[in-house]
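Structure at a glance
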Amino acid sequence: MNPSRSSNAWRRLGPSGIFLFGLLILNALGVILPLLLMLISAIKPTPEIFASPFALPQTWSLDNFAKVWESGRFDLYFRNSILITVGAEILILGFSAMAGYALGRFKFRLNDAIYVFFLAGLMFPAKLVLVPLFVQLKEMGLINSHFGLILVYAAGGIPAAVFILTGFFRALPSDLDNAARIDGASEWQVFWKVMLPLVRPQLAIVAIYTAIPIWNDFLLPLVFLQDPTLKTVPQGLTVFFGEYATDYGPLFAGLTLAAMPLILLYLLLSEQFIKGLTAGATKG
């Protein structure tokens with residue numbers, strides 16, 4: 001790199017730009033360093049974690065991961081979490097995309113009322129109505145069922161998803177769907193083949209935004225799932241918390257494995273995620 005060009009770039013940034021750049025670096029370190037510490041602790045035995053928590057391990061070993069996967073039944077909890085998260089995401093993305101398309105592209109008498117109805121769902125988190133939810137799921141025979149938990153998560157995630165997608169559907173030019181209709185496309189074809197691909201970045205935002213709280217949730221599975229074989233990853237990690245001691249080595253290994261799907265999800269959707277965040281920021 002040319003030193004003079006680099007110095008000119010710093011001058012163009014100015015004091016405020018350099019300060020903002022420094023804040024971004026600090027924020028990146030605040031995210032990366034805890035992940036590195038968790039990964040390093042995952043390959044240490046518990047006594048070594050306490051003896052030298054920030055040092056590299058004296059011997060590199062995957063015994064903690066093996067213990068978590070085998071004796072901790074992490075494979076079972078991992079499958080349960082994948083099933084619940086993927087099931088809820090399919091419902092959230094499917095129904096919110098259709099609702100956002102209808103509310104964003106069509107004008108009818110109850111359009112605003114239905115939109116406000118969805119927005120009202122943002123004010124009532126599932127934890128606030130835990131008792132009514134438990135009674136309702138019990139009457140439906142869905143207590144101790146993954147399907148019941150999927151429905152609860154989907155109902156909690158759809159309002160925010162509809163809010164995000166409706167705005168982007170409204171911003172798309174009307175010439176696009178009108179041209180497709182003139183060419184003989186059905187309404188479903190207009191939605192599926194023309195409009196939905198255009199909001200793919202926003203679907204990535206919705207997927208990441210809704211998947212993280214579902215994957216990390218501890219309370220709702222604790223309330224609605226009593227069968228040990230139905231537990232999710234956050235519940236499964238509690239087996240390493242003893243009454244008088246905690247096995248931190250396998251615990252950090254479990255946390256590392258639990259974080260991997262979300263990290264992979266973000267890496268896979270990061271390009272679409274950034275496109276969705278910057279959509280409309282520039283013209284041309």
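Here, every reference points to the structure presented above.
Here we summarise the structure given alongside this text. Every chain's residues receive numbers from 1 upward, in the order its sequence appears when written. For this predicted model, a pLDDT threshold of at least 70 governs which residues receive local features, and a threshold of 80 or more governs which side-chain atom pairs are given and counted, while totals over whole chains, interfaces and linings are taken from all residues. Side-chain measures were taken over the full set of non-hydrogen atoms in the model, leaving aside hydrogen atoms and water.

**Concerning empty space enclosed by the protein**
The distinction between a cavity and a pocket rests on a 1 Å grid over the protein atoms alone: a 1.4 Å probe fits inside a cavity but cannot get out, while a pocket stays open yet meets protein on both sides within 12 Å along at least five of seven lines, and a residue with an atom within 4 Å of a point counts as lining. Grid points are joined across faces, edges and corners, and a volume is the space filled by probe spheres set on the points. The final tally for this structure, using the stated rule, is 1 cavity of 30 Å³ or more. One number sums up the size of the largest cavity: a volume of about 40 Å³. S81, I84, T85, Y153, I214, W215, D217, P221, T232 and P234 together form the lining of the largest cavity. Mapped onto the lining of the largest cavity, the elements with two or more residues apiece are α4 (74-105) and α10 (200-216). The helix count covers DSSP runs of H or I at least four residues long, the strand count covers runs of E at least two residues long, and both are numbered beginning at the N terminus. With 3 residues, the top contributor of residues to the lining of the largest cavity is α4. Residues belonging to the lining of the largest cavity are distributed by class as follows: 6 nonpolar, 3 polar and 1 charged. Side-chain classes are defined by residue name, with Ala, Val, Leu, Ile, Met, Phe, Trp, Tyr, Cys and Pro counting as nonpolar, Asp, Glu, Lys and Arg as charged, and the others, Gly among them, as polar.

**Remarks on the pattern of salt bridges**
Any carboxyl oxygen of Asp or Glu that lies within 4 Å of a side-chain nitrogen of Lys or Arg is treated as forming a salt bridge with it. Per the stated rule, a full pass over the model turns up 4 salt bridges. Notably, a salt bridge pairs D75 with R79, separated by 4.0 Å at the nearest N-O pair. Here R79 and D75 lie together in helix α4, a separation of 4 residues that amounts to about one turn. Among the ionic pairs, R105 bridges to D177, the shortest N-O distance being 3.1 Å. Of this pair, R105 sits in helix α4 while D177 sits in helix α8 (residues 174-182), and the two are 72 residues apart along the sequence. D177 gets classed as buried once you look at its relative accessible area, which sits at 4%. Taken together, the salt bridges that share partners define one network made up of R105, D177, R181 and E187. For every residue, the accessible area (1.4 Å probe, protein chains only) is compared with the maximum for its type, and the residue is labelled buried under 20%, exposed over 50%, or partly exposed between those bounds.

**Topic: α10**
Here α10 is 17 residues long and its end C-alpha atoms lie 25 Å apart, about the 24 Å a rise of 1.5 Å per residue gives. For α10, the buried fraction is high: 12 of the 17 residues fall into the buried class. Among the residues making up α10, those that are buried are P201, Q202, L203, A204, I205, V206, A207, I208, T210, A211, I214 and W215. One less than the residue count of a helix, multiplied by 1.5 Å, gives the span that helix is expected to have.

**Digging into the layout of surface pockets**
What the largest pocket holds in volume is close to 870 Å³. Lining the largest pocket are 29 residues, and of these V152, Y153, A155, G156 and G157 sit closest to its centre. Those elements that provide at least two residues to the lining of the largest pocket are α5 (111-120), α6 (130-139), α7 (146-171) and α10. Sort the elements by how many residues they give to the lining of the largest pocket and α7 lands first, with 10 residues. Per-class residue counts for the lining of the largest pocket are 21 nonpolar, 6 polar and 2 charged. One number sums up the size of the second largest pocket: a volume of about 270 Å³.

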